Amino acid sequence: MRRKDREVTDINEIEKILFQCKTCHVAMVDNGEPYVVPLSYGYKIFDGKLLELYFHSAMKGKKIDILKRNNKVCFEMSYEGEPVHSDTPCNSGYYYGSVIGYGDTVFIDDTDKKCEALSIMFKHQTGKDVTFAAGDAKNICVFKIVSSDFTGKKKFAEENASR
């Protein structure tokens, strides 16, 4: 990362960013061509080192076909804060937080684990605890991205005050 002053490595700070974001952009490669999709997600962090991102989708489609051929992905989620205005246009922008990483896609076939993943996603998206039944998971695809290679980046408001 070029801007080490904006790098976020503390897992608690990364989790704050993950919590604020609701959409994850998943990039994959389809026969040498890039393909990216925005997806709602949920997450769990294990031992402060392993991140699992959970997704659901239709059982068939371009995304699923690509992921079954090549499970390697890159992901990104971000949020924008208030705008930053400067006399120099190149110094204008937004305060923000983001998480970027690489991982492997794993399809979840076990019904109980699919229901657990759906509950994690619903909690992240709505803040509500919901228990999903086997019938809820029957006709959807649930998958996760498992990553130990991720980092955060954040532009803090107090950073501008010192300039």
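An account of the accompanying structure is given in this report. A quick note: this is a predicted structure, and the numbers were derived from the prediction, not measured.

Take the overall build of the chain next. The secondary structure content of the chain amounts to five helices and eight strands. Secondary structure of the chain in N-to-C order comes out as β-α-β-β-β-β-α-β-β-α-α-β-α. Of all 163 residues assigned to the chain, the portion counted as buried reaches 37%. In the chain, 69% of the contacts between residues at least 6 apart in sequence involve partners at least 24 apart. Summed over all atoms, the accessible surface of the chain reaches about 9,700 Å², with 50% contributed by carbon and sulfur.

A few words on the environment of Asp149. Assignment of secondary structure puts Asp149 in strand E8 (residues 141-155). Separated by 46 residues in sequence, Asp149 and Gly103 place their C-alpha atoms 7.0 Å apart. Ignoring anything within four residues of it in the chain, the contact list for Asp149 reads Ile100, Gly101 and Tyr102.

Summed over the entire model, instances satisfying the criterion amount to six salt bridges. Taking the shortest distance from any N to any O, the salt bridge between Asp30 and Arg69 comes out at 2.5 Å. In this pair, Asp30 is assigned in strand E2 (residues 23-30) and Arg69 in helix H2 (residues 62-69), connecting sequence segments 39 residues apart. Here Glu52 makes a salt bridge to Lys144, at a shortest N to O gap of 3.4 Å. Of this pair, Glu52 sits in strand E5 (residues 50-57) while Lys144 sits in strand E8, and the two are 92 residues apart along the sequence. Comparing Glu52 with Lys144 shows no difference in burial state: the two are buried.

A word on the side chain of Lys114. With respect to the helices, strands and loops of the structure, Lys114 is situated in helix H3 (residues 111-126). No salt bridge is formed by the buried Lys114; its nearest oppositely charged neighbour, Asp109, is found at 6.1 Å. Polar contacts involving the side chain of Lys114 include one to the main-chain carbonyl oxygen of Ala137, which spans 2.9 Å. For Lys114, the contacting residues outside a window of four places in its chain are Ile108, Asp109, Ala137, Lys138, Ile140 and Val142.

Calculation notes
Residues numbered from 1 in each chain as written. Predicted model: local features only at pLDDT ≥ 70, side-chain atom pairs only at ≥ 80, totals over all residues. Heavy atoms only, no water. Helix = DSSP H or I, 4+ residues; strand = E, 2+ residues; numbered from the N terminus. Buried < 20%, exposed > 50% of the residue type's maximum accessible area, 1.4 Å probe, protein only. Contact = heavy atoms within 4.5 Å. Areas by Shrake-Rupley, 256 points an atom, 1.4 Å probe, with all protein chains shown as cover. Salt bridge = Lys/Arg side-chain N within 4 Å of Asp/Glu carboxyl O. Lys, Arg positive; Asp, Glu negative; His and termini not counted. Polar contact = N/O pair within 3.5 Å; in protein donor to acceptor, adjacent residues only side chain to side chain.

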